[in-house]
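Listed below are the residues making up each chain.
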Amino acid sequence: MSSAEKWTSEHLLSSADRAIHLEQRRAQLLPIVDDLRRLAREMDAEVKEMESIEGDLPGQAKLRAWHVGKPLFKAADDVERAISDLISFNARFQKAYEDLPQKREEKRRRKALAKGQATAIEPGPAGTAVQAKDEFGDVFDGLRRGA
């Protein structure tokens, strides 16, 4: 796919295209994350060095600096989280749409194999139920299943 084309949902159906998309987005977003973190650290240092404003309580300037710089750090975290969300999307898509049919087919094969083995197992000797009734006499004659 050329760089002039935009990504569409049809492109993301292929495993190879999803890997390319992830690498392109990672290459785009990591420099932004680095730049935002650098800018946040510089801004944090600048506002911490600012003098107190008249009327500040002790420690209020430091608290104000933290409060002002926090959104820049959060922006960097959010962009970085976007990369991990793209990785999660790729893994979930593969698990739900590519791996699931094979997993279900394997389960069907195991189930069919288990059914085949179950019919191959022969029931026990037929005379055991009659032998138990003779042993206890008429004790169980009046009992019905589920009553």
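Our structure is the block above this text.
Scope of this entry: the structure provided in the associated data block. (Residues numbered from 1 in each chain as written. Predicted model: local features only at pLDDT ≥ 70, side-chain atom pairs only at ≥ 80, totals over all residues. Heavy atoms only, no water.)

## Overview of the overall build of the chain
(1) Moving on: The helix and strand inventory of the chain stands at 3 helices and 0 strands.
(2) Moving on: The secondary structure elements of the chain, listed N-terminal to C-terminal, are α-α-α.
(3) Moving on: Counting across all 147 residues of the chain, residues that qualify as buried make up 12%.
(4) Moving on: Summed over its atoms, the accessible surface of the chain is roughly 12400 Å², and 58% of this surface lies on carbon and sulfur atoms. (Helix = DSSP H or I, 4+ residues; strand = E, 2+ residues; numbered from the N terminus. Buried < 20%, exposed > 50% of the residue type's maximum accessible area, 1.4 Å probe, protein only. Areas by Shrake-Rupley, 256 points an atom, 1.4 Å probe, with all protein chains shown as cover.)

## Comments concerning the pattern of salt bridges
(1) Moving on: Summed over all chains, the structure comprises 12 salt bridges.
(2) Moving on: The closest approach of N and O atoms between Asp35 and Arg38, which form a salt bridge, is 2.5 Å. Pair noted here: Asp35 and Arg38 are both in helix α1 (residues 15-49), with a separation of 3 residues, about one helical turn.
(3) Moving on: Here the residues in one salt-bridge network are Glu105, Glu106, Arg108 and Arg109, joined through shared partners. (Salt bridge = Lys/Arg side-chain N within 4 Å of Asp/Glu carboxyl O.)

## Digging into a positive patch on the surface
(1) Moving on: On the surface, Lys95, Lys103, Arg104, Lys107, Arg110, Lys111 and Lys115 cluster together into a patch of positive charge.
(2) Moving on: Here Lys95 lies in helix α2 (residues 60-120).
(3) Moving on: Owing to a relative accessible area of 61%, Lys95 belongs among the exposed residues under this scheme. (Patch = residues over 30% accessible without salt bridge, like charges linked within 9 Å, V, L, I, M, F, W, Y side chains within 5 Å. Lys, Arg positive; Asp, Glu negative; His and termini not counted. Charge placed at Lys NZ, Arg CZ, Asp CG, Glu CD.)

## As for the packing of aromatic side chains
To describe a pair of aromatic rings, you give the distance between the ring centres and the angle between the ring planes.
(1) Moving on: A full pass over the atoms with the stated rule returns 2 aromatic pairs.
(2) Moving on: Centroid distance Phe89 to Phe93: 6.0 Å. Interplanar angle 45 degrees. Geometry classified as tilted. With Phe89 and Phe93 both in helix α2, this residue pair falls 4 residues apart, about one helical turn.
(3) Moving on: By relative accessible area, which is 15% here, Phe93 ends up buried. (Phe/Tyr/Trp six-rings, centres within 6.5 Å; stacked < 30°, edge-to-face > 60°.)

## With respect to the side chain of Asp44
(1) Moving on: Mapped onto the elements, Asp44 comes out in helix α1.
(2) Moving on: On the basis of relative accessible area, Asp44 is assigned to the buried category, the value being 15%.
(3) Moving on: Each residue touching Asp44, except ones within four places of it in the same chain, is listed here: Ala65 and Phe73. (Contact = heavy atoms within 4.5 Å.)

## Quick look at α1
(1) Moving on: Counted at 1.5 Å a residue, the expected span for α1 with its 35 residues is 51 Å, and the 50 Å between its end C-alpha atoms agrees.
(2) Moving on: Those residues of α1 lying buried are Arg18, His21, Leu22, Leu29, Val33, Leu36, Ala40, Asp44 and Val47.
(3) Moving on: Two or three places before Ala16, at the opening of α1, Ser14 has a side-chain oxygen 3.3 Å from that residue's backbone nitrogen. (Expected span 1.5 Å × (residues − 1). Polar contact = N/O pair within 3.5 Å; in protein donor to acceptor, adjacent residues only side chain to side chain.)

## Quick look at the nonpolar core
(1) Moving on: Core analysis: the biggest nonpolar cluster contains 6 residues, these being Leu29, Val33, Leu36, Ala76, Val79 and Ile83.
(2) Moving on: Elements supplying a minimum of two residues to this core: α1 and α2.
(3) Moving on: In contact with Leu36, other than residues within four places in its own chain, are Ala75, Ala76 and Val79. (Core = buried A, V, L, I, M, F, W, Y, C linked by side-chain atoms within 4.5 Å.)

## Some thoughts on the environment of Val79
(1) Moving on: Looking at where Val79 falls in the secondary structure, it is placed in helix α2.
(2) Moving on: Not counting chain neighbours up to four residues away, the residues in contact with Val79 comprise Leu29, Ile32, Val33 and Leu36.

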